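Observations on chain architecture
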Amino acid sequence: MKVFFALGAALFLFGCAPSQTLEELEAQAAITGDWSAVEKRERIMARRDARRPPSCPAGTMSYCESSIGQLRCACVDKSTMRAAIGQR
């Protein structure tokens, strides 16, 4: 029971830790000239966006394939997907 309480307290504390916005990091970098924190945040954001499947228009759905560590996603017509799944 103590372990769960300690884990919960740690997660609460780290989850509530203040973090700077990208704008704040850029403002600080403009003053100090050190842009490494901004570049790191932008790399993290780019990786997160690359993992996120595309937002598809109505009547389509996201279809993703994983190949050699890369995730490729595309919007596919729902009826085409149903027909492809039904043929198996």
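Note that the structure is a prediction, hence the values are computed from the model and not measured. (Residues numbered from 1 in each chain as written. Predicted model: local features only at pLDDT ≥ 70, side-chain atom pairs only at ≥ 80, totals over all residues. Heavy atoms only, no water.)

Some points on the overall build of the protein chain
- A count of helical and extended segments in the protein chain gives 4 helices and 2 strands.
- Burial status across the protein chain gives 6% buried among its 88 residues.
- Put simply, 0% of the contacts in the protein chain that link residues at least 6 apart link residues at least 24 apart.
- Accessible surface, the protein chain: about 7700 Å² in total, of which carbon and sulfur atoms supply 61%. (Helix = DSSP H or I, 4+ residues; strand = E, 2+ residues; numbered from the N terminus. Buried < 20%, exposed > 50% of the residue type's maximum accessible area, 1.4 Å probe, protein only. Contact = heavy atoms within 4.5 Å. Areas by Shrake-Rupley, 256 points an atom, 1.4 Å probe, with all protein chains shown as cover.)

Notes on the confidence of the model for the protein chain
- Mean pLDDT over the protein chain: 81, with 82% of residues reaching 70 or higher.
- Between the elements of the protein chain, mean pLDDT differs from a low of 68, seen in helix α1 (residues 2–15), to a high of 91, seen in helix α2 (residues 22–32). (pLDDT = per-residue confidence, 0-100.)

A look at the state of the cysteines
- For the structure shown, the criterion picks out 2 disulfides.
- Across a sulfur-sulfur distance of 2.2 Å, C56 and C75 are joined as a disulfide pair. Looking along the S-S bond of the C56-C75 disulfide, the torsion reads about -90 degrees, which is the left-handed sense. With C56 in the loop between α3 (36–51) and β1 (60–67) and C75 in strand β2 (residues 70–77), the pair connects residues that are 19 residues apart, well separated along the chain.
- Exposure remark for C56: the relative accessible area of 22% places this residue in the partly exposed category. (Disulfide = S-S within 2.5 Å.)

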